[in-house]
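Next come the chains, spelled out residue by residue.
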Amino acid sequence: MRLADKVQEWLDTNGWEDQIDYNEAEQLSQLNIRYGINDQLFDLWIETDEKKDWLNLFLSFPFKVNPSKLKDCIELLNLINRQSFIGGLIVLPDRNIQFHHAIDVENTEPSIEMIQNMLNSGADIINVWFEEIAAVALTRKTVQEVFDELEALSVEEERL
């Protein structure tokens with residue numbers, strides 16, 4: 001399983017001793033570990049599909065969106081997704097927030113750098129937006145307040 005082997009090589013390079021779950025019959029593999037970003041532990045999933053030549057990476061946030069904040073949180077994630085072309089953020093039906101990045105490696109040779117870049121793209125988005133996402137998802141802060149703050153920053157930067 002060439003993709004699973006590449007994930008194992010990536011683990012080994014990072015010095016991590018985590019185990020990949022293999023499903024040889026379906027040609028699938030899955031890795032689930034905890035990964036720290038912004039002093040928070042995220043669930044990191046890396047899945048491979050050998051038949052489709054897909055490599056998927058998921059980062060699940062350490063909190064759920066308050067039910068009354070779903071609409072605001074989705075609006076904020078839509079804004080973030082419009083500004084980022086690598087991966088995306090969604091709210092799952094159980095109100096968990098998740099970053100997802102997938103690549104199709106058909107007719108290419110995947111590398112451990114590709115896996116690291118996938119993880120880095122998610123970590124970068126989370127580093128930039130974590131405070132706003134947490135505030136909108138968990139507090140009374142509205143998405144409009146975030147939009148207004150971003151607009152004010154943009155106007156201020158134009159003046160400089």
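Keep in mind that what you see is a predicted model, and the values were worked out from it rather than measured.

A. Molecular detail of the packing of helix α1 (residues 2-14) against helix α3 (residues 112-138). Interaxial distance between α1 and α3 falls to 9 Å at its minimum, and their mutual angle equals 75°. Judged on the interaxial angle alone, α3 and α1 are roughly perpendicular. On α3, the residues that touch Lys6, Val7, Glu9, Trp10, Thr13 and Asn14 of α1 are Ile112, Ile115, Gln116 and Leu119.

B. Focus on the nonpolar core. Among the nonpolar cores identified, the biggest contains 44 residues, and Leu59, Ile97 and Ile133 are the most heavily contacted of them. Top contributing element to this core by residue count: α3, with 13 residues. Contact partners of Leu59, with chain neighbours within four places excluded, come to Tyr35, Ile37, Phe42, Asp43, Leu44, Ile97, Gln98, Phe99, Leu119, Gly122, Ala123 and Ile126.

C. The arrangement of a negative patch on the surface in detail. A cluster of acidic side chains, namely Glu145, Asp148, Glu151, Glu157 and Glu158, defines a negative patch on the protein surface. Relative to the helices and strands, Glu157 resides in helix α4 (residues 143-159). Exposure remark for Glu157: the relative accessible area of 57% places this residue in the exposed category.

Thresholds applied
- Residues numbered from 1 in each chain as written.
- Predicted model: local features only at pLDDT ≥ 70, side-chain atom pairs only at ≥ 80, totals over all residues.
- Heavy atoms only, no water.
- Axes fitted to C-alpha atoms, helices over the stretch in contact; angles between N-to-C directions.
- Helix = DSSP H or I, 4+ residues; strand = E, 2+ residues; numbered from the N terminus.
- Parallel < 35°, antiparallel > 145°, perpendicular 65-115°, else oblique.
- Contact = heavy atoms within 4.5 Å.
- Core = buried A, V, L, I, M, F, W, Y, C linked by side-chain atoms within 4.5 Å.
- Buried < 20%, exposed > 50% of the residue type's maximum accessible area, 1.4 Å probe, protein only.
- Patch = residues over 30% accessible without salt bridge, like charges linked within 9 Å, V, L, I, M, F, W, Y side chains within 5 Å.
- Areas by Shrake-Rupley, 256 points an atom, 1.4 Å probe, with all protein chains shown as cover.
- Salt bridge = Lys/Arg side-chain N within 4 Å of Asp/Glu carboxyl O.
- Lys, Arg positive; Asp, Glu negative; His and termini not counted.
- Charge placed at Lys NZ, Arg CZ, Asp CG, Glu CD.

Such coordinate-based values are descriptive only and should not be taken to indicate function.
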